[in-house]
Amino acid sequence: LDDSNDSLTIGLGSALGTTSHMVIDANGHITKPLQPAFQVQPSSDQTNMGDNTVIALGTERFDQNGDFASHTFTAPVTGRYQLSASLRIQSLDTAADYYQLRLATSNQTYAPVIEPKFSSDPLYWTLTLSLLVDMDANDTANINVRQQSGTQQADIDTESYFSGFLAC
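One structure accompanies this document, and this report is about it. (Residues numbered from 1 in each chain as written. Predicted model: local features only at pLDDT ≥ 70, side-chain atom pairs only at ≥ 80, totals over all residues. Heavy atoms only, no water.)

1. What to know about the overall build of the chain
- The helix and strand inventory of the chain stands at zero helices and 16 strands.
- Here the chain has a C-alpha radius of gyration of 20 Å; the compact-globule value for 168 residues is 15 Å, and the former is much larger.
- For the chain, buried positions account for 35% of its 168 residues.
- A fraction of 68% describes how many contacts in the chain between residues 6 or more apart in sequence connect residues 24 or more apart. (Helix = DSSP H or I, 4+ residues; strand = E, 2+ residues; numbered from the N terminus. Rg over C-alpha atoms; globule rule 2.2 N^0.38 Å. Buried < 20%, exposed > 50% of the residue type's maximum accessible area, 1.4 Å probe, protein only. Contact = heavy atoms within 4.5 Å.)

2. As for the nonpolar core
- Judged by nonpolar contacts, the single largest core of 30 residues is most densely connected at Tyr 81, Leu 83, Tyr 99, Leu 103, Met 135, Ile 143 and Phe 162.
- At the level of secondary structure, the elements contributing two or more residues to this core comprise strand E4 (37–41), strand E9 (79–90), strand E10 (98–105), strand E13 (124–135), strand E14 (140–148) and strand E16 (161–166).
- Per element, the largest residue contribution to this core is five residues, and it comes from E9.
- For Leu 83, the residues in contact, after removing those within four places along its chain, are Phe 38, Leu 103, Thr 105, Leu 129, Ser 130, Leu 131, Val 133, Met 135, Ala 141, Phe 162, Ser 163 and Gly 164. (Core = buried A, V, L, I, M, F, W, Y, C linked by side-chain atoms within 4.5 Å.)

3. Regarding the packing of aromatic side chains
- Summed over all chains, the structure comprises six aromatic pairs.
- Ring geometry for Phe 118 versus Trp 125: centroids 4.8 Å apart, planes at 45°, classification tilted.
- With relative accessibility at 33%, the residue Phe 118 sits in the partly exposed group.
- Judged by its relative accessible area of 30%, Trp 125 is partly exposed.
- Among the aromatic side chains, those forming a connected cluster through ring pairs are Phe 38, Phe 68, Phe 73, Tyr 81 and Phe 162. (Phe/Tyr/Trp six-rings, centres within 6.5 Å; stacked < 30°, edge-to-face > 60°.)

4. Structural notes on the pairing of E9
- Bridge count between E9 and E13: 12 bridges; the pairing is antiparallel. Along E13, the bridge assignment pairs Arg 80 with Asp 134.
- Strand direction decides the pairing type here: E9 and E16, joined by six bridges, are antiparallel. Among the inter-strand pairings, Ala 85 is bridged to a residue of E16, identified as Phe 162.
- Judged from the two bridges that link them, E9 and strand E15 (residues 155–156) form a sheet pairing that is antiparallel. Paired with Gln 90 across the strands is Asp 155, a residue of E15. (Pairing = 2+ DSSP bridges.)

5. Some details on the environment of Ala 75
- Considering the arrangement of structural elements, one finds Ala 75 in the loop between strand E8 (72–74) and E9.
- In this structure, the C-alpha to C-alpha distance between Ala 75 and Asp 51, residues 24 residues apart in sequence, is 26 Å.
- Setting aside anything within four residues of it in sequence, one finds Ala 75 in contact with Tyr 81, Met 135, Asp 136, Ala 137, Asn 138 and Asp 139.

6. Some words on the side chain of Asp 157
- For Asp 157, the position within the fold is in the loop between E15 and E16.
- The class of Asp 157 is buried, set by a relative accessible area of 5%.
- Once you skip the residues sitting within four places of it in the chain, Asp 157 turns out to touch Pro 42, Asp 45, Arg 88 and Gln 90.

7. Describing the pattern of salt bridges
- For the structure on display, the rule yields one salt bridge.
- When the shortest N-O distance is used, the salt bridge between Arg 88 and Asp 157 registers 3.1 Å. Of the two residues, Arg 88 is situated in strand E9 and Asp 157 in the loop between E15 and E16; the sequence distance between them amounts to 69 residues.
- Classification of Arg 88 by relative accessible area gives partly exposed; the value is 27%. (Salt bridge = Lys/Arg side-chain N within 4 Å of Asp/Glu carboxyl O.)

8. Let's talk about the side chain of Thr 72
- For Thr 72, the location among the structural elements is in strand E8.
- Apart from residues no more than four positions distant in its own chain, Thr 72 is found in contact with Asp 67, Thr 140, Ala 141 and Asn 142.

Quick look at the structure:
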């Protein structure tokens, strides 16, 4: 008997259909269609950001399990989540004391900092962050930018991203 095309599906069956929670294919690949995962980006440039500007993330590239809404990820279960952000900033102001890309979760805020003491305002600058964070069920996470002093001239470009998934 040839069973090389078989797969094992674990889920809930009902008269209305089946919800797959985990699928193991014939090659041993495991997929979890309801595993929380998302990637979002701005729908348009966000101009002249100020202190603690929440990044407007209106375009969902994907939102597996539907846990991202209103610029915020909400953890559906307690666990460790891998969260990453990459912000492309246009017209960074060298007169600012510093910039922070801030990942704000219900448990803690993570905020690496740069001091933009360049000879002139850079046309483009990218701030990145990637962390494994603990979140309880219903904890939230979002990203924002803090510019301390200087001219509010910097813009968040649409080539910016925020993503995450349940790691363990």
